[in-house]
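# Coordinates in review
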Amino acid sequence: MLTTPKADQFWMPGEHSPQSAVWLAWPTRPDNWRDNGLPAQAAFAHFIERLAGYVTVKLAVLPEYEAQARSMLPSAVEIIPMAYDDAWMRDIGPTMVINEAGEKRAVNWQFNAWGGELDGLYDDWSNDELVAKLVAANEGVECYDAPFILEGGSIHSDGEGTLYTTEECLLHPSRNPDLSRKQIESLLKDFLSVEKIIWLPLGVFNDETNGHIDNILHVVRPGEVLLAVCDDENDPQYAISQQALKVLEEARDARGRKIIVHALPIPGPLYMTEEESSGLVQPERMERGANDRLAGSYANCLICNGAVFYPLLDEKRDTQAHAILQAAFPKHEIIGIPARDILLGGGNLHCITQQIPA
């Protein structure tokens, strides 16, 4: 399509809006998912089983894994054979936009495996670049082709004109080095129909995505967010979160509201073990070793049709995170999902999902 969502009066809804489906992709890469993906597949299957109680789940699966995935999943899950390079549907899938009449369209962002030749996480992402259009075709919607690199995990919309992102990711030299901040803002406004962009300086410490917003912040509803906050002044995350708090304290959203912040604890800190590292086929570009700090965060959750799914990552902090989420979402069911084997791959529940608005 040669127009833009803004020109056609389409906008990105908030994740708190009703959803008709959630997409995922089956994890198989032996250089990213240990032990040939089996622990991650078990974690995905448990999550999908719980998620399927709230929404239609659609799963992209490499054709050679179709029978295996089918054997591990509820019959209600729709399995769609498809080529892709890794299982991060938030980033390789489309961002959906809607209009007043309830029509849906898709935005197909350019993708370069979180950094391309500069610091991308794998060498060939050609299949991933085709996924957004395949999902759009399955959903029966038209697709806008955005003329710049962006991942779905790097943006959060409140559905009322405000977008949250990080300078660390969107202004990183590995994304769109030829675009200024002002030009990126203009493109975001054209392709998501937002009016105000709130930039946090950095994402979670040691996040391989160059600081995606969805690992440090999540929109609860317009004017209200979750933020991953560290209380240990000696932890590098402490200063990052304090900077973010200051930005949010001083910000007003597109409707002039002050931002209410629900502070979520940081799990751990968490580190990869020797056993976990030894289960990986280690490529040079994405090498992971024992004692590597994991970018764990409870903010990396999914809101879906009256439920909030959050990652269980640290027995000492999980209960506290649950209580904070329940206070922020008093009418939602709060569901913890054992998610360390998803975190070991470099992300979490939000990163592996992409919702389709109702």
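This text follows the structure it describes.
This write-up is about the structure you can find in this document. By convention here, each chain's residues receive numbers from 1 onward along its written sequence. For this predicted model, a pLDDT threshold of at least 70 governs which residues receive local features, and a threshold of 80 or more governs which side-chain atom pairs are given and counted, while totals over whole chains, interfaces and linings are taken from all residues. Side-chain figures throughout are based on the complete set of non-hydrogen atoms in the structure, without hydrogens or water.

On to the overall build of the protein. For the protein, the count of helices and strands is 11 helices and 18 strands. When we talk radius of gyration, it's over C-alpha atoms, and the globule rule is simply 2.2 Å times the number of residues to the 0.38. Whereas a compact globule of 358 residues would reach a radius of gyration of roughly 21 Å, the protein reaches 19 Å, a difference of no more than 12%. For the protein, the spread of C-alpha atoms along the principal axes amounts to about 50 × 50 × 45 Å. Under the scheme applied here, a residue whose accessible area is under 20% of the maximum for its type counts as buried, over 50% as exposed, and between as partly exposed, the area being computed with a 1.4 Å probe on protein chains only. Evaluated residue by residue, the protein yields a buried proportion of 59% over its 358 residues. Working rule for contacts: check all heavy atoms of both residues, and any pair within 4.5 Å makes them a contact. Relative to all contacts within the protein whose residues are 6 or more apart in sequence, the contacts with residues 24 or more apart total 74%. Total accessible area on the protein stands at roughly 13900 Å², and carbon and sulfur atoms take up 49% of it. His is not counted, nor are the chain ends, whereas Lys and Arg count as positive and Asp and Glu as negative. Lysine's charge is taken at NZ, arginine's at CZ, aspartate's at CG and glutamate's at CD. Computed over 28 positive and 53 negative side-chain charges, the inter-centroid distance for the protein is 7 Å. We count a stretch as a helix when DSSP gives it H or I for four or more residues in a row; a strand needs E for two or more, and each element gets its number in order from the N terminus. Residue burial considers only the protein chains on display, and all accessible areas are found by Shrake-Rupley using a 1.4 Å probe.

Here the focus is the environment of Tyr-122. As for its placement among the helices and strands, Tyr-122 is situated in the loop between helix H4 (116–119) and helix H5 (128–139). On the basis of relative accessibility, which here comes to 4%, the residue Tyr-122 falls in the buried class. Residues Tyr-122 and Val-281, spaced 159 residues apart in sequence, show a C-alpha to C-alpha distance of 13 Å. Among residues more than four places away in sequence, those in contact with Tyr-122 are Arg-29, Asp-85, Asp-86, Phe-111, Ala-113, Trp-114, Asp-128 and Arg-285. Here Asp-128 takes part through its side chain, which lies 2.3 Å from a polar atom of the side chain of Tyr-122. The term polar contact refers here to a pair of N or O atoms within 3.5 Å; inside protein, the definition further demands a hydrogen-donor-capable atom paired with an acceptor-capable atom, and it admits residues adjacent in sequence only when both atoms are side-chain atoms.

In this structure, Gly-203 sits in the loop between strand E9 (196–200) and strand E10 (217–221). Between the alpha carbons of Gly-203 and Glu-250 there is a distance of 18 Å; along the sequence they are 47 residues apart. In this structure Gly-203 touches Thr-166, Glu-168, Gly-211, Ile-216, Gln-237 and Ile-240, once residues within four positions along its chain are discounted.

This paragraph deals with the side chain of Ser-174. Among the structural elements, Ser-174 can be located in the loop between helix H6 (167–170) and helix H7 (181–192). Only 3.3 Å separates the side chain of Ser-174 from the side chain of Asp-119, close enough to count as a polar contact. In this structure Ser-174 touches Asn-112, Gly-115, Leu-118, Asp-119 and Asn-210, once residues within four positions along its chain are discounted.

Quick look at the packing of aromatic side chains now. To describe a pair of aromatic rings, you give the distance between the ring centres and the angle between the ring planes. Here is the rule: rings of Phe, Tyr and Trp (six-membered ring for Trp) pair when centre to centre is within 6.5 Å. Planes less than 30 degrees apart are stacked, more than 60 are edge-to-face, and the remainder are tilted. Evaluated as defined, the whole model comprises nine aromatic pairs. Put simply, the rings of Trp-33, Phe-44 and Trp-88 pair up and form one aromatic cluster. The rule for a charge over a ring is simple: NZ of Lys or CZ of Arg within 6 Å of the ring centre, and within 35 degrees of the ring normal. Cation over ring: Arg-221 sits above Phe-329, and NZ or CZ is 5.9 Å from the ring centre.

A separate point is the sheet that holds E10. The strand order E10-E11-E12 describes an open sheet built from three strands, whose pairing is mixed. The sheet is open, and its two borders are formed by E10 and strand E12 (260–265), each paired with just one other strand. Across the sheet, the mean angle separating the axes of adjacent strands is 30 degrees when strand polarity is ignored. In this description, strands pair whenever DSSP reports at least two bridges between them. In terms of strand pairing, strand E11 (residues 224–229) meets E12 through six bridges, oriented parallel. Bridging across to E12, Val-229 finds its partner in Pro-265. Fitted lines through C-alpha atoms give the axes, limited to the stretch in contact for helices. The angle between two N-to-C directions lies from 0 to 180 degrees.

Here, nonpolar core refers to any group of buried Ala, Val, Leu, Ile, Met, Phe, Trp, Tyr and Cys residues whose side-chain atoms link them within 4.5 Å. Grouped together as the largest cluster of nonpolar side chains are 79 residues, with contacts concentrated most on Leu-24, Trp-26, Leu-51 and Leu-59. Per-element accounting of this core gives the leading share, seven residues, to helix H1 (residues 38–51). Not counting chain neighbours up to four residues away, the residues in contact with Leu-51 comprise Val-22, Leu-24, Val-57, Leu-302, Cys-304 and Phe-309. With 21 residues, the next largest nonpolar core counts Phe-10, Met-12, Leu-163 and Ile-184 among its residues.

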